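Here's the letter readout for the chains.
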Amino acid sequence: MIALGGSGLVIALVGFLDDHGHIAARWRLLAHFAAAAWALWWLPGAPPLHLLGMTLTWPWIVYPLVGLFLVWLLNLYNFMDGIDGLASVEAITVCVGGALIYWFMGYPERMILPLALAASVVGFLVWNFPPARIFMGDAGSGFLGIALGVLTLAAALVEPQLLFSWLILLGVFIVDATFTLMRRLIRGDKVYEAHRSHAYQYASRKFGSHLPVTLAVLVINLVWLLPWSCFVALGYVDSLLGLVVAYAPVAILAVVFKAGELEVQK
């Protein structure tokens, strides 16, 4: 709770100030890394990383990797908060899914924090559901990003495979944001500038409404990603294989809906 509360407070404060004025990107990024460092300092160790039959436990490798993960997740959550209800639905389904997995694995005491976060976002979603009457801004989206990142790392400290389970639950946001960023980097775009080239943004323009896209993400999370997350958590499927299989159709959707494609000005 100290790790989550301290890092979340820093990110929410910086986001609030940026929402009501402007903070240079370099100072925001410095605050992001400071918040990530705070979270890692208070967590009881770094989660072991199991990849391709190897286990990485060296702190000088693991800590920088998970620090970058936290900074990337809080930023991608900000990128993905662009249509009504989307970031709220993502946070609720990820937290409820993570809590269910804790229940299945025999850790009911671990359900408290993700369910508390989910409950608070449900209250927000009442006014954020399409058509929204209130919006998160950087203060809300950044906080949710760092909070979900800390909960992911905390889960990995309980059981190593839960790192991949939570990454699967976050699949829609991770795939869309990462795919979009990579395409823009390859094209030479200024990635720090505002744009509307994420898959979910193209999809919302195609359907002429935010609601079908937000509901589609809800269905993908519950019907596709949650079962695969459970399979990995319970040991039925190898962690990396489960991640790849779960991400594959999400990546196809990202391509179909032109994630990262150059915007055509009309």
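Look above for the structure.
Residues numbered from 1 in each chain as written. Predicted model: local features only at pLDDT ≥ 70, side-chain atom pairs only at ≥ 80, totals over all residues. Heavy atoms only, no water.

A. Seen up close, the overall build of the protein chain. Within the protein chain, the secondary structure is distributed over 11 helices and two strands. In the protein chain, the order of α-helices and β-strands from amino to carboxyl end is α-α-β-β-α-α-α-α-α-α-α-α-α. Compactness check: the protein chain gives a C-alpha radius of gyration of 18 Å against a globular reference of 18 Å for 266 residues, within 12% of the reference. Counting only C-alpha atoms and orienting by the principal axes, one finds that the protein chain spans roughly 50 × 40 × 35 Å. In the protein chain, buried positions account for 47% of the 266 residues. Counting only contacts in the protein chain whose residues sit at least 6 apart along the sequence, the fraction spanning at least 24 positions is 75%. Only carbon and sulfur atoms are counted for the fraction: they give 73% of the accessible area of the protein chain, which is about 13,100 Å². (Helix = DSSP H or I, 4+ residues; strand = E, 2+ residues; numbered from the N terminus. Rg over C-alpha atoms; globule rule 2.2 N^0.38 Å. Buried < 20%, exposed > 50% of the residue type's maximum accessible area, 1.4 Å probe, protein only. Contact = heavy atoms within 4.5 Å. Areas by Shrake-Rupley, 256 points an atom, 1.4 Å probe, with all protein chains shown as cover.)

B. Expanded view of the nonpolar core. One finds Leu70, Leu117, Leu148, Val150 and Phe173 to be the most contacted residues of the largest nonpolar core, which totals 78 residues. Sequence-distant contacts of Phe173, defined by excluding residues within four places in its chain, comprise Leu76, Tyr77, Met80, Leu86, Ala87 and Glu90. (Core = buried A, V, L, I, M, F, W, Y, C linked by side-chain atoms within 4.5 Å.)

C. Local environment of empty space enclosed by the protein. Taken as a whole, this structure holds one cavity of 30 Å³ or more when the rule is applied. Approximately 60 Å³ is the volume attributed to the largest cavity. What lines the largest cavity is Trp72, Phe79, Ala177, Thr180, Leu181, Arg184, Val191, His195 and His198. Of all the secondary-structure elements, those providing two or more residues to the lining of the largest cavity are helix H3 (59–80) and helix H8 (171–187). Top element by residues in the lining of the largest cavity is H8. It accounts for four residues. Residue composition of the lining of the largest cavity, grouped by class: five nonpolar, three polar and one charged. (1 Å grid on protein atoms, 1.4 Å probe; cavity = no way out; pocket = protein on both sides within 12 Å on 5 of 7 lines; lining within 4 Å. Points joined across faces, edges and corners; volume = space filled by probe spheres on them. Nonpolar A, V, L, I, M, F, W, Y, C, P; charged D, E, K, R; others polar.)

D. Expanded view of the layout of surface pockets. Roughly 730 Å³ of internal volume is contained in the largest pocket. Along the walls of the largest pocket sit 26 residues, with Arg28, Asn75, Asn78, Phe79 and Tyr192 positioned nearest its centre. Of all the secondary-structure elements, those providing two or more residues to the lining of the largest pocket are helix H1 (2–19), helix H2 (25–42), H3, helix H6 (137–158) and helix H9 (199–207). A per-element tally of the lining of the largest pocket places H3 first, with five residues.

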